[in-house]
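A closer look at the structure
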Amino acid sequence: MQNTLKFRAQSILSALIRACWVIVGIMIIGTVIIKLAAKHSYSSAQPLIMVGVFWFATCILLAAIAFSYHSLRSQDYQLIEINQNQTGIWLTRYYFRTEQVYVPFDWLKIVKNGSNVHLDWQRALRFDRKKRPHLQSRSGITLNREWFDATQLNNFLVTVDYLKNGAVGAQPQMAIAKQPRKKVRKQQLRMQLFMMGAVLLVGNAVAFGSTNVKPRHISGNDSHQKVTLKNNTTYRSRNLEFKVHHAYVAETDEGDPVLIVNLSVQPRHSDTSLSADAFEVYRKWSDKTEADSDDYSEARDFIGTKIKVGGVNKPVMNILDTNGWYGDEYSEGVRKPFNIVVKRPKSASFDFLYQGFYYQYNVPAKDDDTSIVFHVKTKDLEVLK
Amino acid sequence: MKQLVIILSLIVTFMFTSVTAQAQRSYQFTGQPLTLKSSGTHLTITGYELLKSPQPAYDSADTNELEQYLIIHATVSLTSSIDGGHDISTDEYELFSGPNSEDILSKSDHIGKLLKADHHLLTMDSNNVNVKNGHSRKVDLGFTVYPDNVYILDADIGYSGHDKYVQLNQIKSSNGVTAE
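Here is a short report on the structure shown in this document.

Conventions and cut-offs
Residues numbered from 1 in each chain as written. Chains lettered and ligands numbered in written order. Predicted model: local features only at pLDDT ≥ 70, side-chain atom pairs only at ≥ 80, totals over all residues. Heavy atoms only, no water. Salt bridge = Lys/Arg side-chain N within 4 Å of Asp/Glu carboxyl O. Helix = DSSP H or I, 4+ residues; strand = E, 2+ residues; numbered from the N terminus. Core = buried A, V, L, I, M, F, W, Y, C linked by side-chain atoms within 4.5 Å. Buried < 20%, exposed > 50% of the residue type's maximum accessible area, 1.4 Å probe, protein only. Contact = heavy atoms within 4.5 Å. Pairing = 2+ DSSP bridges. Axes fitted to C-alpha atoms, helices over the stretch in contact; angles between N-to-C directions. Buried area = accessible area lost by both parts, 1.4 Å probe. Polar contact = N/O pair within 3.5 Å; in protein donor to acceptor, adjacent residues only side chain to side chain. Nonpolar A, V, L, I, M, F, W, Y, C, P; charged D, E, K, R; others polar.

Concerning the pattern of salt bridges
Using the criterion set out here, one finds 10 salt bridges over all chains in the structure. Residues E99(A) and R126(A) are paired through a salt bridge, measuring 3.1 Å at the closest nitrogen-oxygen approach. Residue E99(A) is found in strand β4 (residues 98-104), and its partner R126(A) is found in strand β7 (residues 124-127); the two are separated by 27 residues along the sequence. Salt-bridge contacts for K314(A) lead to E180(B); the nearest nitrogen and oxygen are separated by 3.1 Å.

Focus on the nonpolar core
Residues and elements named next belong to chain A. Ranked by internal contacts, the top residues of the largest apolar core, which has 50 residues, are F242, I260, V265, L274, F279, F352 and Y354. Elements that contribute at least two residues to this core include exactly β12 (240-251), β13 (257-267), β15 (279-282), β17 (306-309), β20 (338-343), β21 (349-354) and β22 (371-377). Here this core takes 7 residues from β12, the largest share from any one element. In contact with L274, not counting residues within four places along its chain, are L240, F242, V265, F279, L320, N323, G324, W325, F338 and Y354.

Overview of the sheet that holds strand β9 (residues 139-144) of chain A
All names here are of chain A. Strand order in the open sheet made by the 3 strands is β5-β6-β9, with antiparallel pairing throughout. Because the sheet does not close on itself, it has two edges, and the strands there are β5 (108-113) and β9. Between one strand axis and the next, the sheet turns by 15° as a mean value, whatever way the strands run. Note that strand β6 (residues 116-121) and β9 share 6 bridges and pair antiparallel. For L119, the partnering residue across the bridge sits in β9 and is I141. With respect to the sheet, helix α3 (residues 150-164) is in contact with β5, β6 and β9, its orientation differing from that of β5 by roughly 140°.

Description of the interface of chain B and chain A
One widely used convention gives an interface's size as the accessible area the parts lose upon coming together. Taken together, the contacts link 39 residues of chain B with 45 residues of chain A. With both sides pooled, the region where chain B packs onto chain A buries about 3700 Å², and carbon together with sulfur makes up 62% of that total. Taken together, the links from chain B to chain A amount to 16 residue pairs in polar contact (both at pLDDT 80 or more). Those elements giving two or more residues to the side of chain B that touches chain A turn out to be α1 (2-20), β6 (93-97), β7 (100-102), β11 (151-155) and β12 (164-167) of chain B. Considered class by class, the residues forming the side of chain B that touches chain A number 18 nonpolar, 16 polar and 5 charged.

Honestly, that's just the spatial picture; any functional story needs more than this.
This is the structure we're talking about:
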């Protein structure tokens, strides 16, 4: 006689591992999504709070699964037991709270169906945690054969069948089930848990790190990044992100050679600002020339300039002026490409400076932006059409 | 397993709602009256004009003296079920002229006197204009701008925090740098 029906430990374990992997994946993907979505948000606390809440929710889920697994294991994976008087079955449900249901044989109906076995009942007695009975109306569960040892399940069904029919006739013959290998399982679990932890740590670190470029610690020369000015390239200072779309050579209606930069800007903190005063041209930038204000020209002098295009003088549109914008005045709704015009020397190359902070041979203060020195090769510039 | 799916979908829903809550509203003014609604206060933009004269006083940043006055004509009406009125405040409006933010004109710009009588210019440091429930009021919003810029009105009606952006004009350009 087979009086109990137990889950196959191996199936439960692999299901547990599968569920945990899914949650690990969701944690990493969710972190990436939150970080990407909140990338443009000014407040750095908001994405952190969102990631925190998200992780808390997934951790609760993990804890619930671990708790169910623990109570299932302490019951030796037992799902159904025939009661001592052999009048019905005790069914244990392992959800967030373990519950026992008693179903008398008279109310029980078993339907076998391919890979599933359905246990349906008209009524049952559900016992809550304080062992108080509640009458449960029509319900049932579905047992998937995958989750059980085939021999044990068959034996159990035969036993139930025999007892349901009033235990008439000879006791049915029980087939002997094979013993599962135990040692491999433990090692496998340990291995999987270790890998999960590693993937979770590395994955989240990458997800968090890759989408959240923290302001670097600025020391000495890092206060001035040195880059080459290129079309369709993004440059980052501590507070701003510059996307240079195009850089042009041109001449004003008064015959001055100028550099025109068409770019858009994205603040990386709410406490930033931008104006034409921040842009200057140097024949050759060095920390000394900047400290001495020995610049060649300033962008502020070229507001409202007309440019020769194919012999016709045309005004420059959307030009940054000396007032520019400050702090949260600037937002996604007004973010559009704009232009900076500044006089250039007629040499083969020169330097275009974004002055993030007022430089006097010292490093920027904590709230100051950092500077970017764009090296410009005149032959690489486009001609306006 | 069913509970797992439910909880996971709840988490995902939570994530997406908190992410999209930040969305902002953008509009394009086409010459037809455009109404922005915010908690019972309606702002209808009926038109705008770039004044050839009078011109703003010389400003040190504007060496070529190109600046002009931009006047936006609008109507504010209140359809709230709540009693009381709405104070139209200059702080609710800001204009972006290209990449530059412009505050609403102040009393000291003296433009009010120069404009025709049918204008209802709202200026900074003047008393706020009150609209009663069920009524509407014509207002003009004035800014100093450069010509050949894209003008975007940023309206935070009633300080709801949900800014609405109205792009007033479009500029023809073959290269994004020079205006035709």
